[in-house]
Amino acid sequence: MASEKLMNLLNQAISQELSASIQYMWHHVMAIGMRSPEVRDKIREISIVEMKHAEKIAERLDYLGGVPSTKPTPIEIGTNLEDIIQKNKAKEEGAIKLYRDIIKVASDEGDTTTRLLFEEILSEEEEHHNDFSTLLEGS
Ligand SMILES: [Fe+2]
Ligand SMILES: [Fe+2]
């Protein structure tokens, strides 16, 4: 069975995903008129991926007997395009750090399913981090 520690980490991950999803969707709305449609579409696309991550992690936590959080971590809204992308990039860095910790704890506890889930999500967060880094270079 999953430890209290691991279940708390999964809830932190859910809060992180909810926050990223809302932050990016608002940035997508705000970025209208600021820049090419490709940038807006990319931010929107990633927002939806983050909501799917929240869903998968919540399903896993529910299976383990926990109660999924509905509270996002603080949402950082940017004031211009560069600021928006910078804040999104920082959000990805936070996720990457947290998910590396979760993979280690899940591995130590022999929870292969949770470890595999977070390995998959981590690789997508690294892609997002790379996407935002690339957009920042072009902004
Ligand atoms: Fe995510
Ligand atoms: Fe992400």
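Look up a bit, the structure's there.
Given the structure is predicted, the values throughout are model-derived calculations rather than measurements.

Our next topic: the coordination of the iron ion (ligand 1). Protein coordination of the iron ion (ligand 1) is provided by Glu17 (OE), Glu17 (OE), Glu50 (OE), His53 (ND1) and Glu125 (OE), with donor distances spanning 2.0 to 2.4 Å. Between the donor residues of the iron ion (ligand 1), the gaps in sequence give the motif E-x32-E-x2-H-x71-E. Between the iron ion (ligand 1) and the iron ion (ligand 2) the interatomic distance amounts to 3.9 Å, and Glu50 serves as a bridging ligand to the pair. Highlighted residues: Glu50 in helix H2 (residues 37-63) and Glu125 in helix H4 (residues 112-138), separated in sequence by 75 residues. Judged by relative accessible area, Glu50 falls into the buried class, the value being 1%.

Attention shifts here to the pattern of salt bridges. Inspection of every chain in the model, using the stated rule, returns eight salt bridges. Here Lys56 ties to Glu120 by a salt bridge, and the two come within 3.3 Å at their closest N and O atoms. Highlighted residues: Lys56 in helix H2 and Glu120 in helix H4, separated in sequence by 64 residues. For Glu120, a relative accessible area of 41% translates into the label partly exposed. Residue Glu119 is joined to Arg115 by a salt bridge in which the shortest nitrogen-to-oxygen separation is 3.0 Å.

Turning to helix H3 (residues 81-108), a few remarks are in order. Taking 1.5 Å per residue as the helical rise, H3 with its 28 residues ought to reach 40 Å, and the 41 Å between its terminal C-alpha atoms agrees with that figure. Between a side-chain oxygen at the N-terminus of H3 and the backbone nitrogen of Glu82 the separation is 3.1 Å; the capping residue is Asn80. Positive phi appears at Gly110, one or two residues downstream of H3, with a value of about 70°.

Right, let's talk about the coordination of the iron ion (ligand 2) for a bit. Bound to the iron ion (ligand 2) on the protein side are Glu50 (OE), Glu92 (OE), Glu92 (OE), Glu125 (OE) and His128 (ND1), at distances that span 1.9 to 2.4 Å. Mapping the donors of the iron ion (ligand 2) onto the primary sequence gives the spacing E-x41-E-x32-E-x2-H.

Compared with an ideal rise of 1.5 Å per residue, which puts 27 residues at 39 Å, H4 spans 39 Å between its outermost C-alpha atoms and is within 8% of the ideal. Inspection of H4 places Thr114, Leu117, Phe118, Ile121, Leu122, Glu125, His128, Phe132, Ser133, Leu135 and Leu136 among the buried residues, and these make up the whole buried set. Of the surrounding elements, those touching the buried residues of H4 are helix H1 (4-30), H2 and H3.

On inspection of all chains with the given rule, the structure shows two aromatic pairs. Geometrically, the ring pair formed by Tyr24 and Phe132 is edge-to-face, given 5.4 Å between the ring centres and 70° between the ring planes. Residue Tyr24 is located in helix H1, and its partner Phe132 is located in helix H4; the two are separated by 108 residues in the primary sequence. With a centroid separation of 5.2 Å and 70° between ring planes, the pair formed by Tyr99 and Phe118 is classed as edge-to-face.

Rules behind the numbers
Residues numbered from 1 in each chain as written. Chains lettered and ligands numbered in written order. Predicted model: local features only at pLDDT ≥ 70, side-chain atom pairs only at ≥ 80, totals over all residues. Heavy atoms only, no water. Donors = N, O, S within 2.8 Å, 3.2 Å for Na, K, Ca; no water. Helix = DSSP H or I, 4+ residues; strand = E, 2+ residues; numbered from the N terminus. Buried < 20%, exposed > 50% of the residue type's maximum accessible area, 1.4 Å probe, protein only. Salt bridge = Lys/Arg side-chain N within 4 Å of Asp/Glu carboxyl O. Expected span 1.5 Å × (residues − 1). Polar contact = N/O pair within 3.5 Å; in protein donor to acceptor, adjacent residues only side chain to side chain. Contact = heavy atoms within 4.5 Å. Phe/Tyr/Trp six-rings, centres within 6.5 Å; stacked < 30°, edge-to-face > 60°.

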